[in-house]
Amino acid sequence: MKTIRHNSLLMVLLMVLNGCSNGTLVVAHDGPDVRYEVYGLHLLMGLWSTSVPISRHLSLTSAHSARFGWHHVVAYNDACDVALISEDNAGYDPQPFGLVFQQHSVSTYGMSMLGYTKTSNGIYESDVSLSTGYLSSECVASVMTAPVSVGMSGGGVYNLQRQLVGIIVAFVNNGCITHPQR
């Protein structure tokens, strides 16, 4: 009986540490710079996300993440769930912007709860207009096959030239749209 309890506890712990995702991600050993954003007692409450440096003093992130952050929010768009925050990006390379076209490859980069960068690869499928609790029909959302997971909110989506083409704000898992933020 003790073995079953210990194995069950270990499985729950591993699921919490790994986080929910809609596919397989790997640890990124190289790639574009993304920042680890922690809010309060992140290990207890699961409040962490990602931001993407775009200049020496500005980063992009998701609006739902920016609300909990310690950084000054310069601008946000609730309809699109995107925010511009002010932070010291010394030591981080600003990300160049680019374009992506249907059926082209993309990569995602975002942070794990333990502070390492996760990545995945996929195909950009198309843009859709959604009207859900998370996104407004005023904003176009992009659909891709690259998996994302909890904590990657505010992380970047990149084309093959490693140019920033999107910010992660939600993912679909079992037919439900979910923020990759706990």
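Residues numbered from 1 in each chain as written. Predicted model: local features only at pLDDT ≥ 70, side-chain atom pairs only at ≥ 80, totals over all residues. Heavy atoms only, no water.

### Section: the sheet that holds strand 4 (residues 58-62)
Part 1 of the reasoning: Spatial ordering of the open sheet is given by 2-3-4-6-5, a layout of 5 strands whose pairing is antiparallel. Because the sheet does not close on itself, it has two edges, and the strands there are strand 2 (35-38) and strand 5 (72-77). Sheet twist, expressed as the mean angle between neighbouring strand axes with direction ignored, is 35°. (Pairing = 2+ DSSP bridges. Helix = DSSP H or I, 4+ residues; strand = E, 2+ residues; numbered from the N terminus. Axes fitted to C-alpha atoms, helices over the stretch in contact; angles between N-to-C directions.)

### Remarks on the environment of serine 120
Part 1 of the reasoning: In this structure, serine 120 sits in strand 8 (residues 117-129).
Part 2 of the reasoning: Considering only alpha carbons, one finds serine 120 and valine 27, 93 residues apart in sequence, at a separation of 8.9 Å.
Part 3 of the reasoning: Apart from the residues lying within four places of it in its own chain, the contact partners of serine 120 are Thr24, Leu25, Val106, Ser107, Thr108, Ala146 and Pro147.
Part 4 of the reasoning: Among the polar contacts made by the side chain of serine 120, one reaches the side chain of threonine 108 at a distance of 2.6 Å.
Part 5 of the reasoning: Within the structure, the side chain of serine 120 is placed 2.5 Å from the backbone oxygen of proline 147, a separation counted as a polar contact. (Contact = heavy atoms within 4.5 Å. Polar contact = N/O pair within 3.5 Å; in protein donor to acceptor, adjacent residues only side chain to side chain.)

### Focus on a nonpolar patch on the surface
Part 1 of the reasoning: A surface patch of nonpolar side chains, amounting to about 270 Å² of accessible area, comprises Val27, Leu114 and Tyr116.
Part 2 of the reasoning: Here leucine 114 shows up in the loop between strand 7 (105-111) and strand 8. (Patch = residues over 30% accessible without salt bridge, like charges linked within 9 Å, V, L, I, M, F, W, Y side chains within 5 Å. Areas by Shrake-Rupley, 256 points an atom, 1.4 Å probe, with all protein chains shown as cover. Salt bridge = Lys/Arg side-chain N within 4 Å of Asp/Glu carboxyl O.)

### Looking at the side chain of serine 49
Part 1 of the reasoning: For serine 49, the position within the fold is in strand 3 (residues 48-53).
Part 2 of the reasoning: Within the structure, the side chain of serine 49 is placed 3.4 Å from the side chain of serine 65, a separation counted as a polar contact.

### Focus: the nonpolar core
Part 1 of the reasoning: If you look at the biggest cluster of nonpolar residues, it comprises 10 residues: Ala28, Val34, Val52, Leu60, Tyr109, Met111, Tyr158, Leu164, Ile167 and Val169.
Part 2 of the reasoning: Elements with a minimum of two residues in this core: strand 7 and strand 11 (164-167). (Core = buried A, V, L, I, M, F, W, Y, C linked by side-chain atoms within 4.5 Å. Buried < 20%, exposed > 50% of the residue type's maximum accessible area, 1.4 Å probe, protein only.)

### Notes on the pairing of strand 11
Part 1 of the reasoning: Pairing between strand 10 (residues 156-158) and strand 11: 3 bridges, direction antiparallel. Paired with tyrosine 158 across the strands is leucine 164, a residue of strand 11.
Part 2 of the reasoning: Connecting strand 10 to the next strand, strand 11, in antiparallel fashion are 5 residues, including arginine 162 with a positive phi near 60°.

### Here's the deal with the confidence of the model for the protein chain
Part 1 of the reasoning: Scored by pLDDT, the protein chain comes out at a mean of 79, with 73% of its residues at no less than 70.
Part 2 of the reasoning: Ranking the elements of the protein chain by mean pLDDT puts helix 1 (residues 2-18) last with 38 and strand 10 first with 96.
Part 3 of the reasoning: Confidence over residues 1-18 falls short of pLDDT 50; this stretch has 4 contacts with residues more than four positions distant or in other chains. (pLDDT = per-residue confidence, 0-100.)

### Describing unusual backbone geometry
Part 1 of the reasoning: Not every positive phi belongs to a glycine, and aspartate 81 is a case in point at roughly 60°.
Part 2 of the reasoning: As for its position among the elements, aspartate 81 is in the loop between strand 5 and strand 6 (82-86).
Part 3 of the reasoning: Non-glycine residue glutamine 103 carries a positive phi angle of around 70°.
Part 4 of the reasoning: Assignment of secondary structure puts glutamine 103 in the loop between strand 6 and strand 7.

### Notes on the side chain of threonine 61
Part 1 of the reasoning: Looking at the secondary structure, you find threonine 61 in strand 4.
Part 2 of the reasoning: A polar side-chain atom of threonine 61 sits 2.8 Å from the main-chain carbonyl oxygen of threonine 50.
Part 3 of the reasoning: Leaving out residues up to four positions away in the same chain, threonine 61 has contacts with Ser49, Thr50, Ser51, Ala66, Asp81, Val82, Ala83, Ile85, Ser153, Gly154 and Ile167.

### Section: the environment of serine 107
Part 1 of the reasoning: Counting through the fold element by element, serine 107 comes out in strand 7.
Part 2 of the reasoning: With a relative accessible area of 15%, serine 107 lands in the buried category.
Part 3 of the reasoning: For serine 107 and isoleucine 123, which are 16 residues apart along the polypeptide, the C-alpha to C-alpha distance reads 8.4 Å.
Part 4 of the reasoning: For serine 107, the residues in contact, after removing those within four places along its chain, are Ser120, Asn121, Gly156, Val157 and Tyr158.

### A word on the pairing of strand 4
Part 1 of the reasoning: In terms of burial, strand 4 is a largely internal element, 4 of the 5 residues being buried.
Part 2 of the reasoning: Bridge count between strand 3 and strand 4: 2 bridges; the pairing is antiparallel. Considered in strand 4, the bridge of proline 53 is made with serine 59.
Part 3 of the reasoning: Taken together, strand 3 and the strand that follows it, strand 4, pair antiparallel across an intervening segment of 4 residues.
Part 4 of the reasoning: Pairing of strand 4 with strand 6, which is carried by 5 bridges, proceeds in the antiparallel orientation.

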